[in-house]
Amino acid sequence: VNGSKKRQNDPATGKKNKKEKRGELAVINSDLRDEAVQKGMRDAWQRKESNIHLDCEPFPHCQITRFLQSESFVESLQAELLQLNFNSKSNDLYKFQQSDDLGERKEDHISQIRSVIFGEFRVWLSEVLQVDLEATVDISCAKYEHTDVLLCHDDELEGRRVAFILYLVPPWEVKDGGTLDLFSTDEHCQPVSVVKSLLPCWNSLVFFEVSPVSFHQVAEVLSEEKCRLSLSGWFHGPSLPRPSRYIEPPVPRHTHIPRDESLLFEWVNEMYLDPRYQARVQQEFEESSEICLATFLQEEKLRQVRSALQSSEIQWESKGPPNKRYYGCADMQSVPSCVQECWELLSSESFFILLSNLTGLRLHYLCGDEDESENEDGKSETENRGGAGNTQASASNTDADTSTTEKKDKGPPTCVGELRRWMHGDYTLLHDSVKREYALDLQLHMGCAGWKSEFGGFTSYIAHDEDEELLTVYPEDNSLALVYRDKDTLKFIKHINNSSSSQLSSQNTAAFYDFSFNYYE
């Protein structure tokens, strides 16, 4: 089965002969050789569903309990894998530990299981599924511990045809988390909701077809003691046809709403209304392209809004799809009056002017057009904005001249915003369909006193097509975060993990909130 040579039985050493040794090592479960089982799997695969161990859409999959016959072999394999060097991996999509590719590993049990999976099992799977799978070695070991997660994705990459996972876990329960969750999809081939959760089981194998609708995730591991260890990889073969990428309709933008400066004096900390202090803020912002303004709202107004956000009257809509985002968004028609007033503040004409004074951006026609004024080096202010600070959210200025021309052709400054609720399990992901353009991002956080970075929930700015993190904005109660980003800068909000629950419960709440706005010159 595994193609490795075994020594003949030696009475002096007690070594078993080749046949006996094979019988207790990496022999695939004999149930898989049963013709009825194979036919059932083949029929389920062709129907794009499974009724062998599971019965759900949206994509074909099978779970095989007790994949390998020899328990001693599986235990030795687990021990060998735990001795590997694991690399911590964390980005918008996941947080877990992974070994290097095991294609070249020479350890006895790892090399044998690799030989079995990509040898006999691959041939068997090709026959059952009637798919020509290549003998390509693509396998690694993943280790998920407390708060580790792999969010919604479809596994699609050129050449991947069937994904597989072999679980090597201790006794596992639903309360431990770490389930393999399968998603239903809509008419646009976008994921909608979890329709089936598979619990990891010792020595069990799960495999499924990689397709435009094979959305799945590894739910967050909640256990603080157990390790979710698995071998996983892909069989390669001819890719399935993929429909055209679905592009979400753009969110409508609006110009400022007519509200006079009295609104500012009612709501904003008077410190930020002082022209001399505004000049200092603007200088700092122009040097680094970002700033956080602490205690931004007056204390009484903050207290009113923070209390009102707990109201059961507010209707929260779950924002998706889960391969792009997952959080609560308020229906502004349902919010209490003080929350509506705060929204109007951030959308008002007077606030557009205040932002112009704080940042130097031209967000109102009364503000000077700094893009057309040349500095002593012959470059526009837009080209120079961002400075040389390590935390600037500007990945590149090569498009500065083009952007200035574009801004001249645009209409009046606009904005778009939403009131968001952040709870355990919420996040946003990077995705290709987002329109990349210059914008001023605003976040006004509420209800997150004592928040820690290890909880997640922070906003990370990165350079497009790079892993380099340019800036991180952490939730801070009553702090107004302003970040100017260019076309080569993307952002995501890190998955909020289970360790946040104790902090939120200590404040008798399950969530914190932010007003999130984007302003365009």
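Scroll up for the structure.
Anyway, here's the lowdown on the structure attached to this text. Just so you know, the residues in each chain are numbered from 1, in the order the chain's sequence is written. Side-chain atom pairs in this predicted model are given and counted only at pLDDT of 80 or more, local residue features only at pLDDT of at least 70, and totals for whole chains, interfaces and linings cover all residues. As a rule here, side-chain values cover all heavy atoms of the structure and leave hydrogens and water aside.

### Thoughts on the overall build of the protein
Working step 1: Numbering of helices and strands runs from the N terminus, with a helix taken as a DSSP run of H or I at least four residues long and a strand as a DSSP run of E at least two residues long. When its secondary structure is counted, the protein shows 12 helices and 22 strands.
Working step 2: Burial classification: accessible surface area is computed with a 1.4 Å probe over protein chains only, and a residue below 20% of its type maximum counts as buried, one above 50% as exposed, and the rest as partly exposed. Evaluated residue by residue, the protein yields a buried proportion of 53% over its 521 residues.
Working step 3: In this analysis, two residues are considered to be in contact whenever any of their non-hydrogen atoms come within 4.5 Å of each other. Put simply, 80% of the contacts in the protein that link residues at least 6 apart link residues at least 24 apart.
Working step 4: Per-residue and other accessible areas follow the Shrake-Rupley method at a 1.4 Å probe size, with only the shown protein chains counted as cover for residues. Summing over all exposed atoms, the protein offers an accessible surface of approximately 24000 Å²; the carbon and sulfur share of this is 46%.

### Some points on the pairing of strand 19 (residues 469–473)
Working step 1: Counting buried positions along strand 19 gives 4 out of 5 residues, so the element sits mostly inside the fold.
Working step 2: Should DSSP find at least two bridges between two strands, the strands are taken to pair. The pairing of strand 18 (residues 459–463) with strand 19 spans 4 bridges and is classified as antiparallel. Bridge pairing in strand 19 places Ile462 opposite Glu469.
Working step 3: As consecutive antiparallel partners, strand 18 and strand 19 are separated by 5 residues, and within that stretch Asp465 has a phi angle of approximately 65 degrees, a positive value.

### A closer look at the packing of aromatic side chains
Working step 1: Ring pairs are drawn from Phe, Tyr and Trp, using the six-membered ring of Trp, whenever the two centres fall within 6.5 Å, and their geometry is named by plane angle: stacked under 30 degrees, edge-to-face over 60, tilted for the rest. Enumeration according to the criterion identifies 22 aromatic pairs in this entry.
Working step 2: With a centroid separation of 6.2 Å and 70 degrees between ring planes, the pair formed by Phe121 and Phe207 is classed as edge-to-face. On the criterion of sequence distance, the pair formed by Phe121 in helix 4 (residues 108–129) and Phe207 in strand 9 (residues 204–209) is long-range, its members being 86 residues apart.
Working step 3: A residue is classified by how much of its surface remains accessible, and Phe121, at 1% relative accessible area, is buried.
Working step 4: Clustering of aromatic rings is evident, with ring pairs tying together Phe67, Phe118, Phe121, Trp124, Phe164, Phe207 and Phe235.
Working step 5: Whether a charge sits over a ring depends on NZ of Lys or CZ of Arg being within 6 Å of the ring centre and within 35 degrees of the ring normal. Above the ring of Phe86, the side-chain terminus of Lys143 is found at 4.4 Å from the ring centroid.

### Considerations on the sheet that holds strand 19
Working step 1: Spatially, 19-18-21 is the arrangement adopted by the 3 strands of the open sheet, whose pairing is antiparallel. Of all strands in the sheet, those bounded by a partner on one side alone are strand 19 and strand 21 (489–493). When the angles between neighbouring strand axes are averaged without regard to direction, this sheet yields 20 degrees. Here the axes come from fitting lines to C-alpha atoms, over the contacting stretch only for helices, and the angles between their N-to-C directions go from 0 to 180 degrees.

### Considering unusual backbone geometry
Working step 1: Between Gly320 and Pro321 the backbone carries a cis peptide bond, its omega angle lying at 0 degrees.
Working step 2: Within the secondary structure layout, Pro321 lies in the loop between strand 13 (316–319) and strand 14 (325–330).
Working step 3: Its identity is not glycine, yet Asp155 carries a phi of approximately 70 degrees, on the positive side.
Working step 4: On the secondary structure map, Asp155 appears in the loop between strand 5 (149–153) and strand 6 (160–167).
Working step 5: The exposure class assigned to Asp155 is buried, which follows from its relative accessible area of 10%.

### Points about the pattern of salt bridges
Working step 1: Salt bridge, as applied in this entry: a Lys or Arg side-chain nitrogen positioned within 4 Å of an Asp or Glu carboxyl oxygen. If you walk through the whole model with that rule in mind, you get 17 salt bridges.
Working step 2: Here Arg420 and Asp514 are joined by a salt bridge, their closest N and O atoms 2.8 Å apart. Of this pair, Arg420 sits in strand 15 (residues 414–423) while Asp514 sits in strand 22 (residues 511–520), and the two are 94 residues apart along the sequence.
Working step 3: Residue Lys491 pairs with Asp441 through a salt bridge whose shortest N-O separation is 3.2 Å. On the criterion of sequence distance, the pair formed by Lys491 in strand 21 and Asp441 in strand 17 (residues 439–446) is long-range, its members being 50 residues apart.
Working step 4: By relative accessible area, which is 30% here, Lys491 ends up partly exposed.
Working step 5: Of the residues examined, Asp441 reaches a relative accessible area of 3% and is grouped as buried.
Working step 6: Overlapping salt bridges bring together Asp154, Glu156 and Arg242 as one network.

### Points about the state of the cysteines
Working step 1: The definition used for a disulfide is geometric: two cysteine sulfur atoms within 2.5 Å. Scanning the entire structure with this criterion turns up 0 disulfides.
Working step 2: This cysteine, Cys338, is not joined by any disulfide, and Cys342 carries the nearest cysteine sulfur, 8.4 Å off.

### Quick notes on the environment of Leu358
Working step 1: Checked against the element boundaries, Leu358 lands in helix 9 (residues 349–359).
Working step 2: On the basis of relative accessible area, Leu358 is assigned to the buried category, the value being 1%.
Working step 3: Between the C-alpha atom of Leu358 and that of Glu284, which follows or precedes it by 74 residues, the distance is 9.3 Å.

### Topic: the packing of helix 7 (residues 299–308) against helix 8 (residues 337–347)
Working step 1: Where helix 7 contacts helix 8, the two axes come as close as 8 Å, and the packing angle between them is 120 degrees. On the basis of the axis angle, helix 7 is oblique to helix 8. For the pair helix 7 and helix 8, the crossing hand works out as left-handed. Here Lys301, Gln304, Val305 and Ala308 of helix 7 lie close against helix 8, whose contacting residues are Cys338, Val339, Glu341 and Cys342. Roughly parallel means an angle under 35 degrees; roughly antiparallel means over 145; roughly perpendicular covers 65 to 115; every other angle is labelled oblique. Handedness of a crossing follows from how the near helix is turned relative to the far one, being left-handed for an anticlockwise turn of less than a right angle and right-handed for a clockwise one.

### A word on the nonpolar core
Working step 1: For the purposes of this section, nonpolar cores are sets of buried Ala, Val, Leu, Ile, Met, Phe, Trp, Tyr and Cys residues that join through side-chain atoms within 4.5 Å. Phe351, Leu442, Phe515 and Tyr519 are the most contacted members of the largest nonpolar core, which totals 48 residues.
Working step 2: By residue number, the principal contributor to this core is helix 8, which donates 6 residues.
Working step 3: Residues within four places of Phe515 in sequence aside, it is in contact with Val305, Val339, Cys342, Trp343, Leu346, Glu418, Leu419, Leu442, Gln443, Leu444 and Met446.
Working step 4: Core analysis: the second largest hydrophobic core is formed by 33 residues, Phe73, Val74, Cys141 and Leu205 among them.

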